[in-house]
Amino acid sequence: NIDSQHRVDFDSPKDFFGVENVVFKANDPDNNLVQSNGVRVEVRSIDDVPTTSIIPDIRFDEDTRLDDAFDLDDYFTDPNNDVLTYTVTGNNLISVNIDSQNRIDFDSPDNFFGEESIVFTAFDSDGNNVSSNSVRSLVVSVDDPLTLRNNLPNVNIDEEETKVVFDLDDYFID
């Protein structure tokens, strides 16, 4: 653009980089035309920050795993096509594994149920990064089957005697 003060502003389309040669032409009121030399204008590439889209919430039952829940590469991209590396935060009891293909596995301790808010962060080769939305990670309570922990002992008591011999909670687990 050339403004009324004859100043030149250069601009380029979004994500364009490269070299252009620009020639300026000027004429006076008598239509005398003068042409400039070619001006080399270089638009240098900058490293763009990775981008992210919404990662859906996840849920799985207690005492199970959720393998291959999703692929982080489906939710993060880098405009410069840099390879991205990932970290995870917010998980205390729910374990999160990011495999070599950036697929996610979830696990939790036995008999744990509850929820945590987990955030994934992508880094490009220049250290630029972007964090995901907070992913609600719910481990659903499942009623465990009643089991016998120990065999009940035989008991001998005298006739007309009443006493507590053992506590059933020591023998059955739910």
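Use the structure listed above.
Residues numbered from 1 in each chain as written. Predicted model: local features only at pLDDT ≥ 70, side-chain atom pairs only at ≥ 80, totals over all residues. Heavy atoms only, no water.

Caption draft 1: Spotlight on the overall build of the protein chain. A tally of helices and strands in the protein chain yields zero helices and 16 strands. In terms of overall size, the protein chain is more extended than a compact globule, its C-alpha atoms giving a radius of gyration of 34 Å where 174 residues would be expected to give roughly 16 Å. For the protein chain, the C-alpha atoms occupy an extent of roughly 135 × 30 × 20 Å along the three principal directions. Counting every position in the protein chain, which comprises 174 residues, the buried fraction comes to 21%. Within the protein chain, contacts between residues separated by at least 24 positions form 57% of all contacts whose residues are at least 6 apart in sequence. In the structure as shown, the protein chain presents an accessible area of about 12,700 Å², 46% of it carried by carbon and sulfur atoms. Seen as two clouds, the 11 positive and the 39 negative side-chain charges of the protein chain have centres 10 Å apart. (Helix = DSSP H or I, 4+ residues; strand = E, 2+ residues; numbered from the N terminus. Rg over C-alpha atoms; globule rule 2.2 N^0.38 Å. Buried < 20%, exposed > 50% of the residue type's maximum accessible area, 1.4 Å probe, protein only. Contact = heavy atoms within 4.5 Å. Areas by Shrake-Rupley, 256 points an atom, 1.4 Å probe, with all protein chains shown as cover. Lys, Arg positive; Asp, Glu negative; His and termini not counted. Charge placed at Lys NZ, Arg CZ, Asp CG, Glu CD.)

Caption draft 2: Up close: the pattern of salt bridges. On inspection of all chains with the given rule, the structure shows seven salt bridges. Ionic pairing is found between Arg 65 and Asp 107, a salt bridge with its closest N-O pair at 3.1 Å. Residue Arg 65 is found in the loop between strand S6 (58–61) and strand S7 (66–71), and its partner Asp 107 is found in strand S11 (residues 103–107); the two are separated by 42 residues along the sequence. Residue Asp 107 is classed as partly exposed on the basis of its relative accessible area of 22%. A salt bridge links Asp 99 to Arg 103; the nearest nitrogen and oxygen atoms lie 3.2 Å apart. Through salt bridges with shared partners, one network takes in Arg 65, Asp 67 and Asp 107. (Salt bridge = Lys/Arg side-chain N within 4 Å of Asp/Glu carboxyl O.)

Caption draft 3: The packing of aromatic side chains, seen in detail. With the rule as written, the count across this model stands at five aromatic pairs. Residues Phe 60 and Phe 106 carry aromatic rings whose centres are separated by 6.5 Å and whose planes lie at 35° to one another, so their mutual orientation is tilted. Linking Phe 60 in strand S6 with Phe 106 in strand S11, this pair joins segments that are 46 residues apart in sequence. On the basis of relative accessibility, which here comes to 5%, the residue Phe 60 falls in the buried class. (Phe/Tyr/Trp six-rings, centres within 6.5 Å; stacked < 30°, edge-to-face > 60°.)

Caption draft 4: Representation of a nonpolar patch on the surface within the structure. The grouping of Leu 146, Leu 148, Leu 152, Leu 168 and Phe 172 at the surface amounts to a nonpolar patch, some 460 Å² of accessible area in total. Examined against the element boundaries, Leu 146 turns out to sit in the loop between strand S14 (135–140) and strand S15 (147–148). The exposed category is assigned to Leu 146, whose relative accessible area is 61%. (Patch = residues over 30% accessible without salt bridge, like charges linked within 9 Å, V, L, I, M, F, W, Y side chains within 5 Å.)

Caption draft 5: The arrangement of unusual backbone geometry in detail. At Asp 63, a position not held by glycine, the phi torsion is positive, near 65°. Structurally, Asp 63 is set in the loop between S6 and S7. Owing to a relative accessible area of 37%, Asp 63 belongs among the partly exposed residues under this scheme. In this structure, Asp 68 takes a positive phi of about 50° despite not being glycine. Mapping Asp 68 onto the fold places it in strand S7. Owing to a relative accessible area of 46%, Asp 68 belongs among the partly exposed residues under this scheme.

Caption draft 6: Up close: the sheet that holds strand S10 (residues 95–98). One open sheet holds the three strands; their spatial order is S7-S11-S10, and the pairing between them is antiparallel. Edge positions in the sheet fall to S7 and S10, since each of these pairs with one other strand and no more. Sheet twist, expressed as the average angle between the axes of neighbouring strands with direction ignored, equals 30°. Pairing analysis gives four bridges linking S10 to S11, with the strands arranged antiparallel. Within S11, the position partnered with Val 96 by the bridge is Phe 106. (Pairing = 2+ DSSP bridges. Axes fitted to C-alpha atoms, helices over the stretch in contact; angles between N-to-C directions.)

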